[in-house]
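Report on the structure
So you can see what is in the structure, the chains are spelled out below.
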There are 2 protein chains.
Amino acid sequence: MPSDAHDAPIMEAIAERRARIDARLSVAVSPGEPVDLYEATRHILTAGGKRLRPAVTLLVAEAVVDTEPASVSYDAFPTVDGGQVDLMAAAAAIEVIQSFTLIHDDIMDDDAMRRGVAAVHEAFDTELAILAGDTLYAKGFELLAQTGASADRVVEAVELLATTCVEICEGQAMDIAFETRPEVTTEEYLQMVERKTAVLYATAAAVGAVLVGADREVVDAVYEYGLESGKAFQIQDDVLDLTTPSAVLGKRRGSDLIEQKETLITVHARDRGVDVDAIFRSVDGEDEEAMDAAVQQLEAADSIAFAATKARALTDVAIDRLSVLDDSPARSLLVELAEYLITRGY
Amino acid sequence: MPSDAHDAPIMEAIAERRARIDARLSVAVSPGEPVDLYEATRHILTAGGKRLRPAVTLLVAEAVVDTEPASVSYDAFPTVDGGQVDLMAAAAAIEVIQSFTLIHDDIMDDDAMRRGVAAVHEAFDTELAILAGDTLYAKGFELLAQTGASADRVVEAVELLATTCVEICEGQAMDIAFETRPEVTTEEYLQMVERKTAVLYATAAAVGAVLVGADREVVDAVYEYGLESGKAFQIQDDVLDLTTPSAVLGKRRGSDLIEQKETLITVHARDRGVDVDAIFRSVDGEDEEAMDAAVQQLEAADSIAFAATKARALTDVAIDRLSVLDDSPARSLLVELAEYLITRGY
């Protein structure tokens, strides 16, 4: 895959938007009282992150109204019917919700690191991590209610985000349940990934369209764009977890294997007769050679290649759904973004 | 306080509404997949509860439009301007949010019992309890978005609920912080109670007014009604925690002392020179005589009476705020409800 050719323009486009997203997040979730709570609430939110989901919100809105990408004010963004909306509040809402899920997931999965820093429950404690997630959860809905879009569009966005959060919980519950199940099918795994990860990409895209007044066909199409590329993103995440050094990942390499998590890769390997349980038992957080051997076994079974091929196919479907939009620089960037999600190195 | 005289009509009024609230909750949060997640999500929600907060939502709306209490369809409730709203969806939203806070609080406080059954993290596990709370959190906003009220009113209600949820988190963080602080003032304690408990009563009241189209003065006044009676409710809860047998409470009697939680009672006792830390050390979950002795010490310092007097004063303020409403059967019930909150025996 020609990742270098793809990476440059989209990375620049995301970097431009990231700086503005970061600035808004810093204001939207500012330090406050109780001090501990707000430090915990801001800990992951201000520790970096690629801001891909909020960037999708911005890019979809740009594509719908065909503005010059990144040249507009996102605080007073034009709608299709001559109004204005604080689109950046919606983008921030999406990132804030994403942050909440990371904090609670890290408690449940007992992951110690996130975005290169200690997870919130490690840097503070579990109580504050639960509360920090809960605080961000509400902030997300508060931000969405404050976009200044026409009220019917806000209500649609709120309902969509709420339904999405329910699905994210369902996906996380499935993910946890898979840990203690002997068999998981490819279909079940993809269903889990759709709920746990992809629906928030889908909603990030759809909210951008809803708030600027796109019609139903466009909203549905960009939702599907987000859904398919979100699934591809997660599969690529599973690949990267095995193939990328810990320092680059910002968390422990092979953590899925160490936590005995089923992924599309292990499901495929099991189908090919690989003793995945033995692989699970062979790895721990310290022994890099054991991890290398585990990854080699999965490579030999073509399981990593299988996952990459699946991610490619999902991305093709996602990009196809963008044909509902007129050609525009922002639409091109959404295509590039979908490509980036499966070619990125971390 | 003539609690018998007060209890009868309001208890009947609440019971009527509770049956209808329960029916809606059972549909709004129905069994689903993953089965474990939805069982955990419904565990506390279907285990009883007095449904006081959603009853406030209904009663306020009844008082604003002056309908015959409990004779209307709450699914198609009249607004002041001739519209209709699914008021029961809003009432359910309030109870669902309340349930989410109980589930997460019980994890943080390591409380084993709730509403006479095992807390969710005990009946299931911490992971599912976090997720069950998170699921209800989203369901609350989803329900509010589905009331069918005019969109500007829904947006106002969503923003209010979101801001309230942030404050609830702040209150819970303060409550946790108090456990490890040597001195807590009465003012700080009341500030904590306002955020942790009272704002949801306030919002339950205000949402009922907002959705049926009450004007700003009424919305603000019923918010304050809920806020003051909510504080009184929590203080009465602190009193009951010491004075009511475990079987009646549905949780361990004296759990606040066992968990070394500061309440208005212990803050007052410290001011009076009582060695509250010694009281904390003297009690555990088993020894009823030690608990009796601890309670007697707090009674001897007039600390329990002080708390009851404070609750009475807050209730008077709350009832005074209802004068913004025309006289109606529902307004009378709101007065009775405020009285009930501080005269109830559990």
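Residues numbered from 1 in each chain as written. Chains lettered and ligands numbered in written order. Predicted model: local features only at pLDDT ≥ 70, side-chain atom pairs only at ≥ 80, totals over all residues. Heavy atoms only, no water.

By convention here, two paired aromatic rings are described through the distance between centres and the angle between planes. With the rule as written, the count across this model stands at 10 aromatic pairs over all chains. Relative to Tyr 137 of chain B, the ring of Tyr 137 of chain A lies with its centre 4.1 Å away and its plane at 35 degrees, an arrangement referred to as tilted. With Tyr 137 of chain A in helix 6 (residues 126-145) and Tyr 137 of chain B in helix 6 (residues 126-145), the pair connects residues from two separate chains. Among the residues examined, Tyr 137 of chain B registers a relative accessible area of 0% and is labelled buried. Each ring, one from Tyr 201 of chain A and one from Phe 233 of chain A, has its centre 5.1 Å from the other, and the planes form 50 degrees; the classification is tilted. On the criterion of sequence distance, the pair formed by Tyr 201 of chain A in helix 8 (residues 186-212) and Phe 233 of chain A in helix 9 (residues 216-243) is long-range, its members being 32 residues apart. The exposure classification of Tyr 201 of chain A matches that of Phe 233 of chain A, with both residues buried. (Phe/Tyr/Trp six-rings, centres within 6.5 Å; stacked < 30°, edge-to-face > 60°. Helix = DSSP H or I, 4+ residues; strand = E, 2+ residues; numbered from the N terminus. Buried < 20%, exposed > 50% of the residue type's maximum accessible area, 1.4 Å probe, protein only.)

Its rotation angle being 180 degrees, the transformation that places chain A on chain B also includes 0.0 Å of axial translation and leaves an RMSD of 0.0 Å. The superposition operator between the copies reduces to a two-fold rotation axis. Across chain A, the smallest distance between a C-alpha and the rotation axis is recorded for Ala 151 of chain A, namely 2.5 Å. Taken as a fraction of all interface residues of chain A, those also at the interface in chain B reach 100%, which identifies the copy contact as same-surface. (Least-squares fit on C-alpha atoms with pLDDT ≥ 70 in both. Contact = heavy atoms within 4.5 Å.)

Residues and elements named next belong to chain A. With 97% of its residues at a pLDDT of 70 or more, chain A has an overall mean of 93. Per-element mean pLDDT across chain A ranges from 79 in helix 10 (residues 246-249) up to 98 in helix 6. Low pLDDT, under 50, characterises residues 1-6; the predicted model gives this stretch six contacts beyond four residues in sequence or across chains. (pLDDT = per-residue confidence, 0-100.)

Attention now moves to the nonpolar core. By size, the foremost hydrophobic cluster in this structure holds 193 residues, and its most contacted members are Phe 141 and Leu 337 of chain A together with Phe 141 and Leu 337 of chain B. Apart from residues lying up to four places away in sequence, Phe 141 of chain B is in contact with Phe 141, Val 158 and Ala 162 of chain A together with Ile 97, Val 158, Leu 161, Ala 162 and Cys 165 of chain B. (Core = buried A, V, L, I, M, F, W, Y, C linked by side-chain atoms within 4.5 Å.)

A rise of 1.5 Å per residue sets the reference length of helix 9 of chain A, with its 28 residues, at 40 Å; its end C-alpha atoms lie 40 Å apart and thus fit the reference within 8%. The buried count for helix 9 of chain A comes to 21 of 28 residues, which makes it a mostly enclosed element. (Expected span 1.5 Å × (residues − 1).)

Listed as interface residues are 37 residues of chain A and, on the opposing side, 37 residues of chain B. Summed over both sides, the interface of chain A with chain B buries roughly 3,100 Å², with 76% coming from carbon and sulfur. Our count for the chain A to chain B interface comes out at 12 residue pairs in polar contact (both at pLDDT 80 or more). Contributions of two or more residues to the side of chain A that touches chain B are made by helix 2 (35-43), helix 4 (87-109), helix 6 and helix 7 (151-178) of chain A. Looking at the side of chain A that touches chain B, the element that brings in the most residues is helix 7 of chain A, giving 16 residues. Broken down by class, the residue content of the side of chain A that touches chain B amounts to 23 nonpolar, five polar and nine charged. (Buried area = accessible area lost by both parts, 1.4 Å probe. Polar contact = N/O pair within 3.5 Å; in protein donor to acceptor, adjacent residues only side chain to side chain. Nonpolar A, V, L, I, M, F, W, Y, C, P; charged D, E, K, R; others polar.)

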